[in-house]
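Commentary on secondary and tertiary structure
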Amino acid sequence: MTAREALRLLHRVWVLSGCLLLLAMPVYVWWTYAARVPASALRSDDAVSVSADDPLGLRFSPRGAAKGVGLIWVAGCLVGAEAYAPLGHAVATRGYPVVIYALPWKCAPWAAHRARVDRELRRLLATSRPDRWVLGGHSKGAVFVSAIAATPPPALRGVVIAGSTHPRDVDLSHSPLAFTKVLATRDGIAPLETSESHRALLPPAVDWRRIEGGNHSQFGWYGTQLGDGTATVSREAQQRALLDAVLDRLRSVEPR
């Protein structure tokens, strides 16, 4: 084989490898970020009504008397609202209305999408009932949560940030809102050290929660993201810790 023939073969291999990679990436993304939830989390039952009819989010409504505060949860990048359905269902079972909001185009990649997220979340906060809310988010969802917390509407009373290094771009240290930040010690996407390095951008009274052995992906119910750490606790255990943190924040801002 001549040098020219070898170069042609190498070029063909390179092109074929690129084509295979382009074909494989959508499959990888679909497989990794697809929701893996118990079917019961997406079904209505005696305690909770589940509705996917609202274009702004997946709703979980308590069937009994609802409490005076609810939760709006913003999904992470590439993750559907369904991946947080077990959290939404569990919170609604305790009497708190829940809306899970998924980012447009899965990740809100362009400025127009990001403006739309801000608009739609503010609309949810202004028009939904009850008239006070905790706004929470995982991963990139927490970026939008932090931005809204910087100029909070009247209905926003508390914030939960999970698996995120944010706030990084806004100073919330003087915010009147009640904050909870939930970190996982084996989170490879939002490393613990980076998250904690931004403490000064949060109020001194923030409720810090650390999940020993938890990782980034187990804040939802989907596959393991590339670059994430290996969890040493079960998804169920990490979800229980997240649920406890969310419920504590909701209780702290309930009307008295």
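Predicted model only: the values in this text are computed from it and were never measured.

A word on unusual backbone geometry
The omega torsion of the bond from Arg129 to Pro130 falls at 10°, within 30 degrees of zero and hence cis. Considering the arrangement of structural elements, one finds Pro130 in the loop between helix H3 (111-127) and strand S5 (133-138). Of note, the bond from His166 into Pro167 is cis; its omega dihedral lies within 30 degrees of zero at 5°. With phi around 55°, Trp105 is a residue other than glycine that occupies positive phi space. For Trp105, a relative accessible area of 68% gives the class exposed. Although it is not a glycine, Ala108 adopts a positive phi angle of roughly 45°. Turning to its location among the elements, Ala108 is positioned in the loop between strand S4 (98-101) and H3.

Details of the confidence of the model for the protein chain
The predicted model of the protein chain has a mean per-residue pLDDT of 91, with 88% of residues at 70 or higher. Considering only residues more than four positions removed or in separate chains, one finds that residues 17-31, a stretch of pLDDT under 50, has 5 contacts.

Brief notes about the nonpolar core
Of all hydrophobic cores here, the largest spans 37 residues; its most connected members are Phe60, Trp73, Val91 and Leu250. For this core, the elements supplying multiple residues, two or more each, are strand S1 (48-51), strand S2 (58-62), strand S3 (70-74), helix H2 (85-93), S4, strand S6 (156-162), strand S7 (178-184) and helix H6 (235-252). The element contributing the most residues to this core is H6, with 6 residues. Discounting chain neighbours no more than four positions away, the residues touching Phe60 are Ala41, Val48, Ser49, Val50, Ala85, Gly88, His89, Ala92, Tyr96, Pro97, Val98 and Ile100. By size, the runner-up hydrophobic cluster in this structure holds 27 residues, among which are Val117, Val145, Leu177 and Leu202.

Quick notes on H6
Spanning 18 residues, H6 covers 26 Å between terminal C-alpha atoms, matching the ideal 26 Å at 1.5 Å per step. Residues of H6 that are buried: Arg235, Gln238, Gln239, Leu242, Leu243, Ala245, Val246, Leu247, Arg249 and Leu250. On its buried face, H6 is in contact with S3, H2, S5, S6, S7 and strand S8 (207-211).

Digging into the pattern of salt bridges
Summed over the entire model, instances satisfying the criterion amount to 8 salt bridges. For the salt bridge of Arg116 with Glu120, the shortest nitrogen-to-oxygen distance reads 3.1 Å. Of the two residues, Arg116 and Glu120 both sit in helix H3, 4 residues apart, roughly one turn of that helix. When the shortest N-O distance is used, the salt bridge between Asp207 and Arg209 registers 3.0 Å.

Parameters at a glance
- Residues numbered from 1 in each chain as written.
- Predicted model: local features only at pLDDT ≥ 70, side-chain atom pairs only at ≥ 80, totals over all residues.
- Heavy atoms only, no water.
- Helix = DSSP H or I, 4+ residues; strand = E, 2+ residues; numbered from the N terminus.
- Buried < 20%, exposed > 50% of the residue type's maximum accessible area, 1.4 Å probe, protein only.
- pLDDT = per-residue confidence, 0-100.
- Contact = heavy atoms within 4.5 Å.
- Core = buried A, V, L, I, M, F, W, Y, C linked by side-chain atoms within 4.5 Å.
- Expected span 1.5 Å × (residues − 1).
- Salt bridge = Lys/Arg side-chain N within 4 Å of Asp/Glu carboxyl O.

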